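Chain and residue survey
Chain residues, written in single-letter form:
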Amino acid sequence: MRFRSGARLDPSQVSDRRGMGPAAVGGGGVIGLIVLVFSLLNGGGGGGGFNVDSPVGRLNETERSSECQTGEDANQRDDCRIVGVVNSVQAFWGTTLPGYEKASTVFFDGGVNTGCGSASSAVGPFYCPLDKRIYIDLGFYADLRNRFGAQGGPFAEAYVIAHEYGHHVENLQGVLDKSRDRTTGPQGSAVRVELMADCYAGLWARGAVDTGFIEELTEADIADGLDAAAAIGDDRIQEQTQGQVSPESWTHGSSEQRQRWFRTGYASTDPTRCNTFAAGTV
Ligand SMILES: [Zn+2]
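Cut-off values and rules
Residues numbered from 1 in each chain as written. Predicted model: local features only at pLDDT ≥ 70, side-chain atom pairs only at ≥ 80, totals over all residues. Heavy atoms only, no water. Disulfide = S-S within 2.5 Å. Helix = DSSP H or I, 4+ residues; strand = E, 2+ residues; numbered from the N terminus. Buried < 20%, exposed > 50% of the residue type's maximum accessible area, 1.4 Å probe, protein only. Pairing = 2+ DSSP bridges. Phe/Tyr/Trp six-rings, centres within 6.5 Å; stacked < 30°, edge-to-face > 60°. Lys NZ or Arg CZ within 6 Å of the ring centre and 35° of its normal.

**A few points about the state of the cysteines**
According to the stated counting rule, one finds 3 disulfides in the structure shown. Between the sulfur atoms of Cys 116 and its disulfide partner Cys 128 the distance amounts to 2.1 Å. What sets the handedness of the Cys 116 and Cys 128 disulfide is the S-S torsion sign, and at about 85° it is right-handed. Of this pair, Cys 116 sits in the loop between β7 (111–114) and β8 (117–120) while Cys 128 sits in strand β9 (residues 126–128), and the two are 12 residues apart along the sequence. On the accessibility criterion, Cys 128 (0% relative accessible area) is buried.

**What to know about the pairing of strand β10 (residues 133–136)**
Here strand β6 (residues 105–107) runs beside β10; their pairing, made up of 3 bridges, is parallel. Each residue of the ladder has a partner; that of Phe 107, found in β10, is Ile 136. The hairpin formed by β9 and β10 contains 4 residues between the paired strands, and Lys 132 there has a positive phi angle of roughly 55°.

**Details of the pairing of β7**
Side chains Gly 111 and Asn 113 project from β7 onto one buried face, and the interleaved Val 112 and Thr 114 project onto a second face that is buried too. Note: β7 against β8, 4 bridges, orientation antiparallel. Note on β8: the bridge partner recorded for Thr 114 is Gly 117. Counting the residues that bridge the hairpin from β7 to β8 gives 2 residues.

**Notes on the packing of aromatic side chains**
All chains considered together, the criterion is met by 9 aromatic pairs. Plain terms: the ring middles of Trp 93 and Tyr 200 are 4.9 Å apart, the flat faces sit at 75° to each other, and that makes the pair edge-to-face. Taken together, the residues Trp 93 in helix α2 (residues 78–96) and Tyr 200 in helix α6 (residues 189–207) connect sequence positions 107 residues apart. In this structure an aromatic cluster arises from ring pairing among Phe 155, Tyr 159, Trp 204, Phe 262 and Tyr 266. The ring of Tyr 266 carries the charged tip of Arg 206 above its face, separated from the ring centre by 4.3 Å.

Don't take any of this as a statement about function, it's just geometry.
Structure, rendered in structure tokens:
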């Protein structure tokens with residue numbers, strides 16, 4: 001994955017809260033309210049409830065990501081590459097989904113306060129439907145390789161971002177509301193929501209070069225994305241953490257399902273092909 005060196009990035013789509021320290025999180029008492037967030041994986045509470053305390057939200061953000069101005073920056077700096085991916089994904093949905101509303105991505109480290117409550121990095125990247133923001137500790141990408149055994153690579157990282165924006169699109173479409181029951185299991189609504197987001201990531205990958213930000217996306221890049229999708233399949237994670245697989249508790253889908261729905265999106269230009277709720281079996 002390479003960016004067009006002259007492409008102008010829009011760093012205002014990312015808000016950078018890195019370096020603000022853990023003091024920013026969890027200052028208040030915990031209220032017994034549980035809010036759903038939509039995460040990349042089913043680990044450490046991701047996809048489940050968040051404990052909500054008073055959203056503090058510090059305003060003097062450091063904005064190192066504001067230094068990301070061009071595609072050349074995206075080719076050279078890890079954080080700028082993510083800014084470029086955010087820009088490309090949102091440009092894609094801006095021309096694909098009528099009425100698309102931009103959502104910003106928040107970089108943080110350690111922990112963060114969100115409209116859905118406070119969260120630590122342990123939950124992995126997630127989307128909060130209440131404030132319509134995507135949250136990621138960029139340190140997750142090292143976890144993706146070291147803890148989940150993915151090969152990594154720039155497009156594996158891009159897939160993670162595109163998946164979370166898939167949840168934002170689902171929110172705009174009312175899909176997240178429709179699936180509030182969050183039934184688990186390989187055919188449950190929770191898995192269908194996640195597979196739709198994987199499909200939307202594939203759909204963006206198909207259109208990524210046409211957004212003007214990305215110069216080249218190779219089959220090796222796509223293979224990195226599929227490898228990442230497999231690494232965070234529920235069956236793979238259960239094998240690693242429990243030594244056994246229990247499909248009835250799946251919330252994100254198996255490695256095979258996640259790869260297949262990414263491919264379904266990648267083979268298409270039509271978002272309706274990603275409608276997992278219209279599919280008999282997923
Ligand atoms: Zn997800």
